[in-house]
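Close look at the chain arrangement
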Amino acid sequence: MTATASRLEVAHGADGGFDVTARRADRYRIHLENGLTDRLADHLRELVAALDAHRIVLTMDTVVAAHHLSSVSAVLARVGVPFDVVLVAEGEATKSQSGLQGLWRSLQRVKATRRTLVLGVGGGMVCDLTTAAAATYMRGVPYALVPTTLLAQVDAAIGGKGGINYDGTKNLVGAFQHPAAVFVDPELIRTLPDQHIRNGLAEVVKVALIADPGLFAVLERSVGRGAATWPWDAIIRAAITAKLLLLAPDPFEQADLRRLLNLGHCVGHPYEAAAGFRVLHGEAVAAGLAVATALSLHGGHCTRGDHDRILAVLSGHRLPTTVPAPLRADVWDALEAVRRVRNGHLHLVVPAAPGHCTVVDDVTREAFDRALRHLDRRCRP
Ligand SMILES: NC(=O)c1ccc[n+]([C@@H]2O[C@H](COP(=O)([O-])OP(=O)(O)OC[C@H]3O[C@@H](n4cnc5c(N)ncnc54)[C@H](O)[C@@H]3O)[C@@H](O)[C@H]2O)c1
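Figured I'd write up the structure that's included with this text. (Residues numbered from 1 in each chain as written. Predicted model: local features only at pLDDT ≥ 70, side-chain atom pairs only at ≥ 80, totals over all residues. Heavy atoms only, no water.)

Comments concerning the packing of aromatic side chains
Applying the stated rule across the entire model yields 3 aromatic pairs. Consider the rings of Phe176 and Phe252, whose centres lie 5.5 Å apart with planes at 80°: the pair is edge-to-face. Remark: Phe252 occurs in the loop between helix H8 (232–247) and helix H9 (265–274) and Phe176 occurs in strand S9 (residues 169–176); sequence separation between them is 76 residues. According to the relative accessible area criterion, Phe176 is partly exposed, its value standing at 30%. Since its relative accessible area comes to 39%, Phe252 is described here as partly exposed. Here Trp332 and Phe368 contribute two aromatic rings whose centre-to-centre distance is 5.2 Å and whose plane-to-plane angle is 40°, an arrangement assigned as tilted. Here Trp332 is found in helix H12 (residues 328–341), whereas its partner Phe368 is found in helix H13 (residues 365–379), with 36 residues between them in sequence. (Phe/Tyr/Trp six-rings, centres within 6.5 Å; stacked < 30°, edge-to-face > 60°. Helix = DSSP H or I, 4+ residues; strand = E, 2+ residues; numbered from the N terminus. Buried < 20%, exposed > 50% of the residue type's maximum accessible area, 1.4 Å probe, protein only.)

The following block contains the structure:
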């Protein structure tokens, strides 16, 4: 349920100016339940009543639609307000200026207003695009998300961040706008291809390393066992808990350049870019986690035993544990560029032990190369 308490406080300055404080508190529920989709009509009916919404616009990509459009349409038919369906092309290319404009156009075509609930059902791409459109159309309309990939359930749908890629840069344009509700149904990922399960799993490994040794132990125990037997409900709940905990001190990313959530991303992001985005984000993050672990071992920040456990979880779940040799120079150049922007500080997050990370600044090219040689030796069959 959502409740927005907003307020403007104005103080009159002695110099004739005004000191304005605008406050806004968004309150909403992240529902998490196996089989939630069956009860979604009831939840949406309550949400629509609370928002006084007169219409729902469903956004979905074409692949998700092939699996879930008929069941979601049946749910919407039971909510009691009219609904429209806006299908967008599958793939990251839709998270673009033209994709966002297309969504604005569709919202305008169906005469969406601030009393329309936009419902994004899909992976991180649909979540980010729907959030960006809802944040900007008519300066903000209410929206809710039903994430359908593991990555979206544990990460993209959590935190109210929306955006598009622009001019070759990921997430360059976007906004923070929290949803009216998020509905996480772990059963929805049953139709997800294995590669996308592993893509999301990399982010789960990341938050486990930062904040939850118990979750890390679950991931260790899951190695070698079929994904259908994993305790998905508990894994997703723990990962969301950890992400919310880590977001809490700085939810709008204004202050903390040393964010622990960047674990694996310092190297993962430039690797993804150097690969021309032909690797999945989670695969690049996994490689970044492995590099950070090797650097941690060499820098004396983690024990050999913990280093072995972390690499065993990554490789056990068939996640990459190194950056391909031809891309390493580009990745290093990107790290150096970040260091320059931050006046000599890289803020590379490295794991100290499962559930505990530390930040280092003293990574040299030599240390980076040594870490990769070390990982090459381990990767060799
Ligand atoms: N906003 C954030 O905080 C945040 C965090 C992490 C990632 N992201 C963004 O998320 C995006 C990646 O998300 P993603 O990996 O979910 O990609 P995606 O949304 O493109 O989904 C991956 C593929 O899976 C398909 N799919 C989705 N759900 C399915 C299902 N249940 N069954 C079968 N197929 C299904 C999609 O159609 C697509 O082909 C990136 O754009 C990334 O920048 C955002």
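Points about the pattern of salt bridges
Counted according to the given criterion, the structure contains 24 salt bridges. The closest approach of N and O atoms between Arg55 and Asp84, which form a salt bridge, is 2.6 Å. Pair noted here: Arg55 is in strand S4 (residues 55–61) and Asp84 is in strand S5 (residues 83–88), with a separation of 29 residues, a long-range link. On the accessibility criterion, Asp84 (17% relative accessible area) is buried. Residues joined by salt bridges that share partners form a network here, namely Glu92, Lys95, Asp128 and Lys170. (Salt bridge = Lys/Arg side-chain N within 4 Å of Asp/Glu carboxyl O.)

Structural notes on the site of the ligand
In the vicinity of the ligand lie 26 residues, with Glu90, Glu92, Thr148, Thr149 and Thr191 positioned nearest. Measuring from an oxygen atom of the ligand, one finds a backbone N or O atom of Gly124 at 2.8 Å. In this structure, Asp128 approaches the ligand through a side-chain N or O atom, which is 2.8 Å from a nitrogen atom. Burial of the ligand by the surrounding chains reaches 92%, relative to a free accessible area of 860 Å². Counting only elements with at least two residues in the shell around the ligand, the list comes to helix H2 (62–77), helix H4 (124–136), helix H5 (150–156), S9 and helix H6 (194–211). In terms of residue count, the dominant contributor to the shell around the ligand is H2 (4 residues). By residue class, the composition of the shell around the ligand is 7 nonpolar, 10 polar and 9 charged. Two domains share the shell around the ligand, each providing at least three of its residues, namely domain 1 (3–190) and domain 2 (193–379). (Near = heavy atom within 4 Å. Polar contact = N/O pair within 3.5 Å; in protein donor to acceptor, adjacent residues only side chain to side chain. Areas by Shrake-Rupley, 256 points an atom, 1.4 Å probe, with all protein chains shown as cover. Nonpolar A, V, L, I, M, F, W, Y, C, P; charged D, E, K, R; others polar. Domains from an automatic or database assignment.)

Regarding the environment of Asp26
Position of Asp26 relative to the elements: it lies in strand S2 (residues 18–27). Classification of Asp26 by relative accessible area gives partly exposed; the value is 28%. In sequence terms Asp26 and His265 are 239 residues apart; their C-alpha atoms lie 28 Å from each other. For Asp26, the side chain forms a polar contact with the side chain of Arg24, separated by 3.4 Å.

A short note on the nonpolar core
Core analysis: the biggest nonpolar cluster contains 93 residues, and Trp232, Ile236, Tyr271, Leu314 and Val323 have the highest contact counts within it. Per element, the largest residue contribution to this core is 10 residues, and it comes from helix H10 (residues 281–298). A domain split of this core shows at least three residues from each of domain 1 (3–190) and domain 2 (193–379). Contacts of Ile236, omitting those with residues within four sequence positions, involve Leu32, Leu150, Gln153, Val154, Val184, Pro186 and Ile189. The next biggest cluster of nonpolar side chains, apart from the first, holds 26 residues, and it includes Ala41, Val48, Leu119 and Ala181. (Core = buried A, V, L, I, M, F, W, Y, C linked by side-chain atoms within 4.5 Å. Contact = heavy atoms within 4.5 Å.)

Considering helix H3 (residues 97–109)
With 13 residues, H3 extends 18 Å from end C-alpha to end C-alpha; this agrees with the ideal 18 Å at 1.5 Å per step. The set of residues buried in H3 consists of Gly99, Leu100, Leu103, Ser106 and Leu107. Looking straight down H3, one finds that the buried residues subtend no more than 120° of arc, so they occupy a single side. Set apart from the buried face of H3 by more than 90 degrees, the exposed residues are Ser98, Arg105, Gln108 and Arg109. Contact partners of the buried residues in H3: S4, S5, strand S6 (116–122), H4 and strand S8 (161–166). Backbone geometry just after H3 places Lys111 at a positive phi near 60°. (Expected span 1.5 Å × (residues − 1). Arc of directions from axis to C-beta.)

Some points on the packing of H6 against helix H7 (residues 213–222)
Between two packed helices, both the angle of their axes relative to each other and the distance between the axes serve to describe the pair. Following both chains from N to C, one finds H6 and H7 inclined at 140°, their axes separated by 7 Å at the closest point. By the angle between their directions, the pair H6 and H7 is classed as oblique. Residues Leu201, Val204, Val205, Val207, Ala208, Leu209 and Ala211 of H6 touch H7, and the partners they reach there are Pro213, Leu215, Phe216 and Leu219. Of the residues that constitute the contact of H6 with H7, the class distribution is 11 nonpolar, no polar and no charged. (Axes fitted to C-alpha atoms, helices over the stretch in contact; angles between N-to-C directions. Parallel < 35°, antiparallel > 145°, perpendicular 65-115°, else oblique.)

Brief notes about the side chain of Thr59
Structurally, the position occupied by Thr59 is in strand S4. Overall, the relative accessible area of 2% leaves Thr59 in the buried class. Those residues in contact with Thr59, other than ones at most four positions away along the chain, are Val86, Leu103, Val118, Leu119, Gly120, Val121, Val126 and Thr130.

Let's talk about the side chain of His31
With respect to the helices, strands and loops of the structure, His31 is situated in strand S3 (residues 29–32). Setting aside its immediate chain neighbours within four residues, His31 contacts Leu36, His43, Val182, Phe183 and Val184.

As for the sheet that holds strand S7 (residues 143–147)
Ordered by their spatial adjacency, 6 strands build an open sheet running S3-S10-S7-S6-S4-S5, and the pairing between neighbours is parallel. Among the strands making up the open sheet, the edge pair consists of S3 and S5. Taking each pair of neighbouring strands and ignoring which way they run, the sheet shows an average axis angle of 15°. Across 6 bridges, the pairing between S4 and S5 is parallel. Pairing of Leu58 across the sheet is with Val85, part of S5. (Pairing = 2+ DSSP bridges.)

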